[in-house]
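# Structural description and commentary
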Amino acid sequence: MVTDPIADFLTRIRNAQMAGHRIVEIPASNLKKRMTEILYEQGYILKYKFEDDSKQGLIKIALKYDPSTKQPAIRSLERVSRPGLRQYAKPAEIKRVINGLGVAILSTSKGVLTDKQAKAQNVGGEVLCYIY
């Protein structure tokens with residue numbers, strides 16, 4: 001049983017990249033599906049596929065690497081808010097990740113958004129993770 005599914009999601013991607021895998025499979029949930037869509041929209045992964053099985057379903061993610069250096073596109077995945085210590089931010093308090101080069105993923109009242117989308121819609125929420 002996983003106590004923190006978001007940390008498990010990030011760790012599976014991190015471990016697959018360190019091992020040099022092309023594809024990683026992750027148990028699905030609506031939150032993880034939206035986080036996967038954000039990773040794709042921001043250009044951190046090549047593609048993704050949602051598969052339904054008899055249980056909760058799977059997310060298959062094709063990881064992105066630099067062709068010349070074989071380095072992964074995602075340099076760092078950091079979990080910010082944890083079950084033991086939740087981190088919330090108002091729209092004015094949302095920090096820029098590496099001066100705007102990275103992305104913060106927030107869970108807001110208007111859904112799961114990036115830091116830029118949350119600021120544009122003037123909503124705050126729980127800061128789930130930083131990606132760069």
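See above for the structure.
Keep in mind it's a predicted model, so treat the numbers as computed, not measured.

## A word on the packing of aromatic side chains
This structure, assessed with the given rule, holds two aromatic pairs. Ring centres of Tyr48 and Phe50 lie 5.1 Å apart, and the angle between their planes is 45°; on these two criteria the pair is classed as tilted. The exposure class of Phe50 is partly exposed, given its relative accessible area of 32%. In textbook terms, an aromatic cluster arises when at least three aromatic residues are bridged by ring pairs, as seen for Tyr40, Tyr48 and Phe50. Lying over the aromatic face of Phe50, Lys33 brings its terminal NZ or CZ to 5.4 Å of the ring centre.

## Quick look at the side chain of Ser81
Mapping Ser81 onto the fold places it in the loop between β4 (77-79) and β5 (88-89). A polar contact is formed between the side chain of Ser81 and the backbone nitrogen of Gln87, at a distance of 3.0 Å. Filtering out sequence-adjacent residues up to four positions away, Ser81 remains in contact with Arg86, Gln87, Glu126, Val127 and Leu128.

Criteria and thresholds
- Residues numbered from 1 in each chain as written.
- Predicted model: local features only at pLDDT ≥ 70, side-chain atom pairs only at ≥ 80, totals over all residues.
- Heavy atoms only, no water.
- Phe/Tyr/Trp six-rings, centres within 6.5 Å; stacked < 30°, edge-to-face > 60°.
- Buried < 20%, exposed > 50% of the residue type's maximum accessible area, 1.4 Å probe, protein only.
- Lys NZ or Arg CZ within 6 Å of the ring centre and 35° of its normal.
- Helix = DSSP H or I, 4+ residues; strand = E, 2+ residues; numbered from the N terminus.
- Polar contact = N/O pair within 3.5 Å; in protein donor to acceptor, adjacent residues only side chain to side chain.
- Contact = heavy atoms within 4.5 Å.

Honestly, that's just the spatial picture; any functional story needs more than this.
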